[in-house]
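For reference, the chains in residue letters:
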Amino acid sequence: MMKFTIRLKPQDGESLSSYLFRCCQVNRISFESLWRLICLSKGSKFYRSHMRSWDSNPYTHLDLEKTAYVTGQSEEVLESLTYYLLIRKLTTSELDKTTIYLESVHGCEYINRKSRKICAECVAQGEGHKLIWNIKGVDYCEKHQSLLIDSCPNCKESFEYSNASFFEGRCPHCEKIIITERCKSTELFLMKKNSPYY
């Protein structure tokens, strides 16, 4: 089995789908080609909608042992880029890890799974997507003091979770460069958003 020539390390707090996308970019391999290497069932068709499960419970569609081999990371490191450990803690019964879905876990309503929130500056700097940004109420990038966005400021189309082309810094719909608004004051921003963290 092939190994990535360039084996990136995951960024702090990065989501698994973001990490795999960055690996594909630097190794000049398509997501579909990667899928054929790491999918759970040989010959299964790649659906972009599977990307949501990669960040919640990768065991439902990916062979994490193969993924670890291809990327040069351990299974434990790859698990830490997902909600899998959280799901295991919130699941009361002992279930086969390939059958646990985020939707069946109490508290899943606090995780946004339809669209992705991003910091355009993180994406532009090649830092990808942070897993915590999927939590409802998290609307701010601490590093860049920028608002997170889940739709294009130009065309207003949302960033579907399954569309990874925004990782290239352009809107997948209108193809304009994505920019975010800087927050002048974190406290003022949280007050305006009626954030539970204020």
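All values derive from a computational prediction rather than experimental measurement. (Residues numbered from 1 in each chain as written. Predicted model: local features only at pLDDT ≥ 70, side-chain atom pairs only at ≥ 80, totals over all residues. Heavy atoms only, no water.)

**Student:** Even after reading the chapter, I still don't get the nonpolar core, so can you show me in this structure?
**Tutor:** In summary, soluble globular proteins display a tendency toward joint burial of nonpolar side chains. With 35 residues, the main nonpolar core has Leu16, Tyr19, Leu20, Trp54 and Ile178 as its most contacted residues. Of all elements in the fold, only helix H1 (16-27), helix H2 (31-38), helix H3 (50-56), helix H4 (64-71) and helix H7 (120-124) reach the threshold of two or more residues within this core. When residues of this core are assigned to their parent elements, the largest contribution, six residues, is made by H1. For tyrosine 19, the contacting residues outside a window of four places in its chain are Leu8, Lys9, Pro10, Glu14, Thr71, Gln73, Leu78 and Leu81. (Core = buried A, V, L, I, M, F, W, Y, C linked by side-chain atoms within 4.5 Å. Buried < 20%, exposed > 50% of the residue type's maximum accessible area, 1.4 Å probe, protein only. Helix = DSSP H or I, 4+ residues; strand = E, 2+ residues; numbered from the N terminus. Contact = heavy atoms within 4.5 Å.)

**Student:** Would you mind showing me how to read H2 here?
**Tutor:** For an α-helix, the turn length of 3.6 residues means that residues three or four places apart are oriented alike. Three or more residues of H2 are buried, namely Phe31, Leu34, Trp35 and Ile38. Seen end-on, H2 carries its buried residues on one side only, within an arc spanning 105°. The inward-facing, buried residues of H2 abut H1, H3 and H4. (Arc of directions from axis to C-beta.)

**Student:** Teacher, can you tell me more about the state of the cysteines here?
**Tutor:** Where two cysteines share a covalent bond between their sulfur atoms, that bond is called a disulfide. Applying the stated criterion across every chain, the model contains zero disulfides. This cysteine, cysteine 23, is not joined by any disulfide, and cysteine 24 carries the nearest cysteine sulfur, 7.0 Å off. The thiol sulfur of cysteine 122 is not disulfide-bonded, and the nearest other cysteine sulfur, from cysteine 141, lies at 3.7 Å. Owing to a relative accessible area of 1%, cysteine 122 belongs among the buried residues under this scheme. (Disulfide = S-S within 2.5 Å.)

**Student:** Help me understand the packing of H1 against H2, please; the structure alone is not making it clear to me.
**Tutor:** Angle between the axes and distance between the axes are the two parameters that describe a pair of packed helices. The geometry of H1 relative to H2 is characterised by a closest axis approach of 10 Å and an angle of 115° between their N-to-C directions. Here H2 runs roughly perpendicular to H1, going by the angle between their axes. H1 and H2 meet at a crossing whose hand is right-handed. Here Ser17, Leu20, Phe21 and Cys24 of H1 lie close against H2, whose contacting residues are Phe31, Leu34 and Ile38. Taken together, the residues of the contact of H1 with H2 break down into six nonpolar, one polar and no charged. (Axes fitted to C-alpha atoms, helices over the stretch in contact; angles between N-to-C directions. Parallel < 35°, antiparallel > 145°, perpendicular 65-115°, else oblique. Left-handed = near helix turned anticlockwise from the far one by under 90°. Nonpolar A, V, L, I, M, F, W, Y, C, P; charged D, E, K, R; others polar.)

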